[in-house]
Amino acid sequence: MSSASRVVHVFEGHPSFYCSNCSAVIASVFHISLPSQIRRLIPSAYAVHNRGSRLTLLSCGSLMHSAVNVRMGSKEDRPLLTGVHTVADVFCIGCGDRLGWYYHKASDQSQKYKEGKYLLERERLVKDNAWTLGV
């Protein structure tokens, strides 16, 4: 196994998101991006995924500044509800499950805030609040 495919353990003791399949840590809850456009339109992170002749409505997700233990697929122009974006699917390096996508480029000026961020689908993540109970 190469070092590029090993799961790293970070954010220990801090609220984090984990892969729902293999429990690899993916992001800190402190990396959620909430620009004014998202706050006004929640839940606006729905997208129509066009694969050939089928359209699939994807679930709501979280826009993140960064993610760990992921690898990116190939870039492609994808029509989403908010316009055409250049994106790459994001996969967990622990199990290979698709977790969401990364925004490389947005064609519409009002969507530029998404560039360089990850959209991670909620149904593919588990949130750990890292709460401790006092005795």
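About the thresholds
- Residues numbered from 1 in each chain as written.
- Predicted model: local features only at pLDDT ≥ 70, side-chain atom pairs only at ≥ 80, totals over all residues.
- Heavy atoms only, no water.
- Pairing = 2+ DSSP bridges.
- Helix = DSSP H or I, 4+ residues; strand = E, 2+ residues; numbered from the N terminus.
- Axes fitted to C-alpha atoms, helices over the stretch in contact; angles between N-to-C directions.
- Salt bridge = Lys/Arg side-chain N within 4 Å of Asp/Glu carboxyl O.
- Buried < 20%, exposed > 50% of the residue type's maximum accessible area, 1.4 Å probe, protein only.
- Core = buried A, V, L, I, M, F, W, Y, C linked by side-chain atoms within 4.5 Å.
- Contact = heavy atoms within 4.5 Å.

A word on the sheet that holds strand β9 (residues 118-121)
- Taking strand neighbours across the sheet as the criterion, the 5 strands line up as β5-β9-β8-β7-β6 in an open arrangement whose pairing is antiparallel. Looking along the sheet, the strands with just one partner apiece sit at the ends: β5 (61-64) and β6 (70-80). On average, each strand axis in the sheet is inclined to that of its neighbour by 30°, with strand direction left out of account.
- The pairing of β5 with β9 spans 4 bridges and is antiparallel.

What to know about the pattern of salt bridges
- Throughout the structure, instances matching the rule amount to 6 salt bridges.
- The partner of R98 in a salt bridge is D89, with the nearest N and O atoms 3.2 Å apart. Of the two residues, R98 and D89, neither departs from the other in class, the shared state being buried.
- Shared partners join several salt bridges into a network, and the residues in it are E76, R78, D89, R98, E121 and R124.

Details of the nonpolar core
- Ranked by size, the top nonpolar core spans 15 residues in total, and within it I26, M64, C92, L99, Y118 and L120 carry the most contacts.
- For this core, the elements supplying multiple residues, two or more each, are β1 (16-19), β2 (25-28), β7 (83-92), β8 (98-106) and β9.
- Here Y118 is in contact with S62, L63, M64, H65, S66, A67, V70, M72, V90, W101 and Y102, once residues within four sequence places are set aside.

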